[in-house]
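# Fold and geometry: a report
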Amino acid sequence: MGRVKEMWMEEQQAAADDSDYEYWHYLRNYVPDEPALRYTHSGQQLDELAEDARHLDSYPAFHRMMLVQRVAMVEAYLADRLITLVTNFPDVAKKLVLGHQPLKGQSFPLEAIVGNPGLVTEKIASYLKSLMYHELELVAKLYRVALDVEIFTDPASERVMKDAMVNRHHCVHRDGKDNTGKVLTTIDAAYVARARESFILMVEHIEQQCEPLIRQLPRDRSA
């Protein structure tokens, strides 16, 4: 093989490598708009990170960080899914307003309503965005009232998730210590794995129940 041909083949391989890198880089930075897809995408990235960081398994701080991120992901999903369906379906918004006292009790001057036909939807969305979605009892009530959806799959998973939410608070605000100042040694790889599994099951459970509405969502308004 002549040197000219060798150089040409090297250029072709380099171009292919660049293309592969660009696609890999795109996948790493791509963030889906749809709530469930975004949750799954973030979960896959976190799984990959955990696999690549096995040498950090003996560091309690690493597992606390992973737990905090797992909770952040599921909080974002719970908020996005509820807000998406409430703001796209008037019947869902109506059920939420009539069944949830903090919204039901709000009032606005006629001037504000006349000047902004979308005022009610905006206020509902603003209220939902202001909530703390690690308060699972409240979130469960909102989903039940607005969508007739139960967010918990079973009592065992519910306990795991609620415990994870409490420990997330300890990790964020007390560096992994409980209210008495005791270090939470239970937050290890196995603990994070149990929380991960429970969160995944909850997302799947909610998506199955909401599927009839999700299928009706306009493509450009599904986030």
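To be clear, the structure that these remarks concern was listed above.
Below is a short write-up of the structure. Source: prediction; values computed, not measured. Throughout this document, residue positions are counted from 1 along each chain, in the order its sequence is written. Only residues with pLDDT of at least 70 get local features here, since the model is predicted, and only at 80 or more are side-chain atom pairs given and counted; chain-wide, interface and lining totals rely on the full set of residues. Computation of side-chain values covers all heavy atoms of the structure but excludes hydrogens and water.

## Focus: the overall build of the protein
Strands here are runs of E lasting at least two residues and helices are runs of H or I lasting at least four, both read from the DSSP assignment and numbered beginning at the N terminus. Each helix and strand in the protein was counted, giving 10 helices and 0 strands. Secondary structure elements of the protein, listed N to C terminal, follow the sequence α-α-α-α-α-α-α-α-α-α. Pairs of residues are marked as contacts when any of their non-hydrogen atoms sit within 4.5 Å. Expressed as a percentage of contacts within the protein between residues at least 6 apart in sequence, the contacts between residues at least 24 apart total 71%. Surface exposure of the protein reaches about 13,700 Å², of which carbon and sulfur atoms provide 55%. Areas reported as accessible are Shrake-Rupley estimates using a 1.4 Å probe. Residue values count occlusion only from the protein chains shown.

## What about unusual backbone geometry?
Non-glycine residue aspartate 148 carries a positive phi angle of around 55°. In this structure aspartate 148 comes out as exposed when scored by relative accessible area, which is 57%. One non-glycine residue, aspartate 175, lies in the positive phi region at around 55°. The topology assignment puts aspartate 175 in the loop between α9 (155-174) and α10 (189-214). Exposure is judged per residue with a 1.4 Å probe applied to protein chains only, and the accessible area is read against the type maximum: over 50% gives exposed, under 20% gives buried, and values in between give partly exposed.

## Structural notes on the side chain of serine 157
Tracing the backbone through its elements, the reader meets serine 157 in helix α9. Since its relative accessible area comes to 7%, serine 157 is described here as buried. Whenever two N or O atoms come within 3.5 Å, that pair is a polar contact, provided that in protein one can donate a hydrogen and the other can accept it, and provided that, for residues adjacent in sequence, both atoms are side-chain atoms. A polar contact is formed between the side chain of serine 157 and the side chain of threonine 153, at a distance of 3.5 Å. Not counting residues within four places of it along the chain, the set of residues in contact with serine 157 comprises Ser198 and Leu201.

## Here's the deal with the environment of tyrosine 59
Along the chain, tyrosine 59 turns up in the loop between α2 (35-52) and α3 (60-88). The exposure class assigned to tyrosine 59 is partly exposed, which follows from its relative accessible area of 48%. Tyrosine 59 sits 130 residues away from alanine 189 along the chain, and the two C-alpha atoms are 10.0 Å apart.

## Digging into the pattern of salt bridges
Throughout this description, the term salt bridge denotes a Lys or Arg side-chain nitrogen within 4 Å of a carboxyl oxygen of Asp or Glu. Here the structure, examined in full by the defined rule, presents 12 salt bridges. The shortest N-O distance in the salt bridge between glutamate 51 and arginine 54 comes to 3.1 Å. Look at arginine 54 and you get exposed, because its relative accessible area is 58%. Across the salt bridge formed by arginine 215 and glutamate 211, the nearest N and O atoms sit 3.5 Å from each other.

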